[in-house]
Amino acid sequence: MHINNYASVKKSNVVSAVILSVLVLIAVYVLNYYTPLYADDYSYSFSYLNGERIVSFSQLIDSQIAHYQKVNGRSVVHFLAQLFLLIGREKFNYINTFGFLVLVYLAYFHACGTFKSISSFKLLTISVLLFLSTPAFGQSFLWITGAANYLYGILIILLFLIPYRIQVAHNRKLSLIGEIVTSLAAFVFGVIAGWTNENTSIAMLMMLGGYLFFYHIKQTKIHAWNITGLIGGGVGFCLMLFSPGTSHRLKASGGAGGILAWAKRAVFYTCDMITYTYLVMLLFSIFVAIYIYKKRLPTNKCHDFKTIAEECGVTAIYFLGFLVSVYSMVASPQFPKRAWSGPVILLIVSTVSLTNMVDISGLKYRIGKRITLCALVLLFLATYANAYFDLKNVNGYYYARISRIETAISSEQSEVEIPNIRGWTGYSCYEAYGDLNLDSSEWPNTAIAKYYGVKEIVLKDDVN
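Caption draft 1: A look at the overall build of the protein. Counting secondary structure elements, the protein contains 18 helices and 2 strands. Taken against the 2.2 N^0.38 rule, which gives 23 Å for 464 residues, the C-alpha radius of gyration of the protein at 24 Å falls within 12% of a compact globule. Dimensions of the protein, computed from the C-alpha atoms along their principal axes, are close to 80 × 50 × 50 Å. The 464 residues of the protein split such that 51% are buried. For the protein, restricting intrachain contacts to residue pairs at least 6 apart in sequence, the fraction spanning at least 24 positions comes to 76%. Summed over its atoms, the accessible surface of the protein is roughly 22,000 Å², and 67% of this surface lies on carbon and sulfur atoms. Placing the 36 positive and 24 negative side-chain charges of the protein at their respective mean positions leaves the two points 17 Å apart.

If you want it as structure tokens, here you go:
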């Protein structure tokens, strides 16, 4: 009887997860569908080697070699950006929709360590918090170039970290050949993962160190591939950080600055962290308080450091990654909103992981959980409606712009006047101040003109 009940509950959980996944796919696809090309998409449609439009896969490598020398060292994610632009926005919409769902499931796996008895409540919580707490959702997850950097960058890192997460509960023995092959694979994949994005890559390295320390506390055998993966990640990070393109870009933006500049940025970034992640931080704080409260109960005898460290290890590793991904940016002159998506994901993983250590099966906790979930869903629905109308509005202006450009081309006009396109929420990749430069000889006007094959793009006075 007990086995039948367990099987019934398990089946119900799977069905709920499938239904939720379909809803997430539909919701995210709609947002992708209404997101047009923007800014860097025009520039990355051309080779950085010779300026030719990219029309074949063979051009991508040469373009990225030149990009590495001239622009910045994020070769892995910018290769993906140019690849996505090559295959086109329509196909990208499908790929990106599934990519977002994969990110949700990866966040779930890193938080829970398994998909057995999968919790649709936790999946929904992750999805809603990602939507509500990512400050520039449109630029991080919907815009082609932005998604390549900030969605697929952290996705690659979370994929790379899967074996380390599995080792927490299952430390499988390998033969000598298996250890060698796995070590080489870990090194190669580590290079790729470390070569994605500055703040999340260094966070990954810190989390790998956290995993090794955690294994030491648990007296879990540390394998050779654990070390080669860390080394590979370091190699990839160095290839990115010390590229000629990154050096040029840092100098052009004023350099990394000194200690006082770093301290000032740390204060500003702390304020931003509270502003952007207050929902997740609030939930994290509540569960920390519940955990501490339960540990203080007289009936609980597990107060020794080793036990608590083993219980909190995974939560601490991803919370460390969150902090490092935020405060490592003090060395950068800029911390754009779109770069906050990685820290937000790591904080969500840490928060959901923390729920595994807290027994919330009691009546008052169940009531609190349902109230919280209802509030989050209502907030999501209101925010999603606002995002939908903003994106639909932007999409309309985008196609009106294309129509104006095509009309000018058919009339053989060399100069095309077009208005700014403005987005009013963080769910549009377009900024509130518009996307064009007053000077038609400056970027992005020049990139848009080149993309459509006209001589000059001029900002028109009218606004939308």
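What follows continues from the structure just given.
Caption draft 2: Layout of the packing of aromatic side chains. By the definition in use, this model includes 39 aromatic pairs. Between Phe 284 and Phe 319 the ring centres are 4.7 Å apart and the planes differ by 5°, which places this aromatic pair in the stacked class. Here Phe 284, found in helix H14 (residues 259-295), pairs with Phe 319, found in helix H15 (residues 305-327); they are 35 residues apart in sequence, far enough to count as distant. With a relative accessible area of 11%, Phe 284 lands in the buried category. An aromatic cluster is built from Phe 100, Phe 131, Phe 137, Phe 141, Phe 380, Tyr 384 and Tyr 427, whose rings are joined through pairwise contacts. Sitting over the face of the ring of Tyr 451, Arg 53 holds its NZ or CZ atom 4.6 Å from the ring centroid.

Caption draft 3: View of the packing of helix H9 (residues 152-167) against helix H12 (residues 224-241). Axis separation between H9 and H12 bottoms out at 11 Å; the angle between their running directions is 145°. The element H9 and its partner H12 pack so that their crossing is left-handed. Touching Phe 160, Pro 163, Tyr 164 and Gln 167 of H9 are Trp 225, Asn 226, Gly 229 and Leu 230, all from H12. Each residue belonging to the contact of H9 with H12 can be placed in one class, and the counts come to 5 nonpolar, 3 polar and no charged.

Caption draft 4: Structural view of the environment of Val 104. Note on placement: Val 104 falls in helix H5 (residues 89-112). In this structure, the C-alpha to C-alpha distance between Val 104 and Ser 127, residues 23 residues apart in sequence, is 6.3 Å. Not counting residues within four places of it along the chain, the set of residues in contact with Val 104 comprises Leu 123, Ile 126, Ser 127 and Leu 130.

Caption draft 5: Quick peek at the nonpolar core. Core analysis: the largest hydrophobic core is formed by 119 residues, its most contacted members being Phe 100, Leu 103, Leu 130, Phe 131 and Ile 457. In this structure, Leu 103 is in contact with Leu 130, Phe 141, Leu 151, Ile 154, Leu 155, Leu 158 and Ile 345, ignoring residues within four places of it in sequence. Residues Phe 287, Ile 290, Cys 312 and Val 358 belong to the second largest nonpolar core, which totals 7 residues.

Caption draft 6: Structural detail: helix H3 (residues 58-70). Considered for burial, the residues of H3 that qualify are Gln 59, Leu 60, Ser 63, Gln 64, Ala 66, His 67 and Tyr 68. Residues of H3 that are buried make contact with helix H4 (75-87), H12 and helix H13 (244-252).

Caption draft 7: How the structure looks around a nonpolar patch on the surface. The grouping of Leu 159, Phe 187, Val 188, Phe 189, Ile 192, Ile 222, Ile 227, Ile 231, Val 235 and Leu 239 at the surface amounts to a nonpolar patch, some 730 Å² of accessible area in total. For the nonpolar patch, the secondary-structure elements that each account for two or more residues are helix H10 (176-194) and H12. Structurally, the position occupied by Val 235 is in helix H12.

Caption draft 8: The pairing of strand S2 (residues 456-459), seen in detail. Here 4 bridges tie strand S1 (residues 415-418) to S2, and the two strands are oriented parallel to one another. Looking across to S2, one finds that Val 416 is bridged to Ile 457. Regarding topology, helix H18 (residues 445-452) serves as the crossover connection from S1 to the parallel S2, and that connection is right-handed.

Caption draft 9: Broad picture of the side chain of Thr 228. With respect to the helices and strands, Thr 228 occurs in helix H12. Among the polar contacts listed, one links the side chain of Thr 228 to the backbone oxygen of Ser 183, at a separation of 2.8 Å. Setting aside residues up to four positions removed in sequence, Thr 228 forms contacts with Ser 183, Ala 186 and Phe 187.

Caption draft 10: Spatial organisation of the pattern of salt bridges. By the definition in use, this model includes 2 salt bridges. Taking the shortest distance from any N to any O, the salt bridge between Arg 74 and Glu 198 comes out at 3.0 Å. Taken as a pair, Arg 74 in the loop between H3 and H4 and Glu 198 in helix H11 (residues 198-218) lie far apart in primary sequence, 124 residues in all. For Asp 435, the salt bridge is made with Arg 401, and the minimal N-O distance between the two is 2.9 Å. You can see Asp 435 sitting in the loop between S1 and H18 and its partner Arg 401 sitting in helix H17 (residues 363-410), a full 34 residues away along the chain.

Caption draft 11: Region of interest: the environment of Val 280. Mapped onto the secondary structure, Val 280 falls in helix H14. Judged by relative accessible area, Val 280 falls into the buried class, the value being 1%. For the pair formed by Val 280 and Val 55, sequence separation is 225 residues and the distance between their alpha carbons is 43 Å. When sequence neighbours within four positions are dropped, the list of residues in contact with Val 280 reads Leu 129, Ser 133, Leu 347, Ile 348 and Thr 351.

What counts, and where the lines are drawn
- Residues numbered from 1 in each chain as written.
- Predicted model: local features only at pLDDT ≥ 70, side-chain atom pairs only at ≥ 80, totals over all residues.
- Heavy atoms only, no water.
- Helix = DSSP H or I, 4+ residues; strand = E, 2+ residues; numbered from the N terminus.
- Rg over C-alpha atoms; globule rule 2.2 N^0.38 Å.
- Buried < 20%, exposed > 50% of the residue type's maximum accessible area, 1.4 Å probe, protein only.
- Contact = heavy atoms within 4.5 Å.
- Areas by Shrake-Rupley, 256 points an atom, 1.4 Å probe, with all protein chains shown as cover.
- Lys, Arg positive; Asp, Glu negative; His and termini not counted.
- Charge placed at Lys NZ, Arg CZ, Asp CG, Glu CD.
- Phe/Tyr/Trp six-rings, centres within 6.5 Å; stacked < 30°, edge-to-face > 60°.
- Lys NZ or Arg CZ within 6 Å of the ring centre and 35° of its normal.
- Axes fitted to C-alpha atoms, helices over the stretch in contact; angles between N-to-C directions.
- Left-handed = near helix turned anticlockwise from the far one by under 90°.
- Nonpolar A, V, L, I, M, F, W, Y, C, P; charged D, E, K, R; others polar.
- Core = buried A, V, L, I, M, F, W, Y, C linked by side-chain atoms within 4.5 Å.
- Patch = residues over 30% accessible without salt bridge, like charges linked within 9 Å, V, L, I, M, F, W, Y side chains within 5 Å.
- Salt bridge = Lys/Arg side-chain N within 4 Å of Asp/Glu carboxyl O.
- Pairing = 2+ DSSP bridges.
- Right-handed = clockwise from strand over helix to strand, strands pointing away.
- Polar contact = N/O pair within 3.5 Å; in protein donor to acceptor, adjacent residues only side chain to side chain.

Such coordinate-based values are descriptive only and should not be taken to indicate function.
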